Amino acid sequence: GHGTFTSSILSAHRAGAKTLFCTHHEPTRSDDALESAFASALEDNSAVAKNMDIRLAREGEIYEF
C-alpha cells in the first residue's frame, strides 16, 4: 500500500518537519482532480499543517534544499 496526503501530513507534523512535498501517482486521475484532493487534504488538516510548507510535487520541477 501507500500513504495518503493526510497520513503524510500527520507524519510530517509528528516528526516536526518544516517542509513536506506530497507526491501522487494515479494515471487515471486528472490534474484537476489531484489538485482538488490535495486542497481538501490541506483544509482537512489545517490545524497541524499551519506551521508547515506543504507542496504538491510536480513533474519536471527541480527543488533545491
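Preceding block: the structure.
What this report covers is the structure whose coordinates are included nearby.

### Things to note about the nonpolar core
One broad trend across soluble globular proteins is that nonpolar side chains are buried collectively.
Working step 1: Formed by 13 residues in total, the largest nonpolar core has its most connected members in Phe 5, Ile 9, Leu 20, Cys 22, Phe 38, Ile 54 and Leu 56.
Working step 2: For this core, the elements supplying multiple residues, two or more each, are α1 (5-15), β1 (19-22), α2 (31-44), α3 (46-49) and β2 (53-56).
Working step 3: The contacts of Cys 22, once residues within four sequence positions are left out, are Phe 5, Phe 38, Ile 54, Arg 55, Leu 56 and Ala 57.

### Considering the packing of aromatic side chains
Working step 1: The final tally for this structure, using the stated rule, is two aromatic pairs.
Working step 2: Aromatic pair Phe 5 and Phe 38: ring centres 5.5 Å apart, planes at 75°, arrangement edge-to-face. Here Phe 38 lies in helix α2 and Phe 5 lies in helix α1, a separation of 33 residues in the sequence. Taken as a pair, Phe 5 and Phe 38 share a single burial class, namely buried.
Working step 3: Look at Phe 21 and Tyr 63: their rings are 4.3 Å apart centre to centre, the planes differ by 55°, and that puts the pair in the tilted class. On the criterion of sequence distance, the pair formed by Phe 21 in strand β1 and Tyr 63 in the segment after β2 is long-range, its members being 42 residues apart.

### Considering the environment of Ser 36
Working step 1: Within the element layout of this structure, Ser 36 appears in helix α2.
Working step 2: For the pair Ser 36 and Leu 10, spaced 26 residues apart in the sequence, the C-alpha separation amounts to 19 Å.

Each value, and the rule that gives it
Each chain has its residues counted from 1, following the order in which its sequence is written. Side-chain atom pairs in this predicted model are given and counted only at pLDDT of 80 or more, local residue features only at pLDDT of at least 70, and totals for whole chains, interfaces and linings cover all residues. Computation of side-chain values covers all heavy atoms of the structure but excludes hydrogens and water. Buried residues of nine kinds, namely Ala, Val, Leu, Ile, Met, Phe, Trp, Tyr and Cys, make up a nonpolar core once their side-chain atoms join them within 4.5 Å. Partly exposed describes any residue whose relative accessible area lies between the buried limit of under 20% and the exposed limit of over 50%, with all areas from a 1.4 Å probe on protein chains only and scaled to the type maximum. By definition, any uninterrupted DSSP run of H or I lasting at least four residues is a helix, any uninterrupted run of E lasting at least two residues is a strand, and each is numbered from the N terminus. Note on contacts: a residue pair is in contact if any heavy atoms of the two residues lie within 4.5 Å. Side-chain rings of Phe, Tyr and Trp, where Trp is taken by its six-membered ring, are said to pair if the distance between their centres is within 6.5 Å; with planes under 30 degrees apart they count as stacked, over 60 as edge-to-face, and otherwise as tilted.

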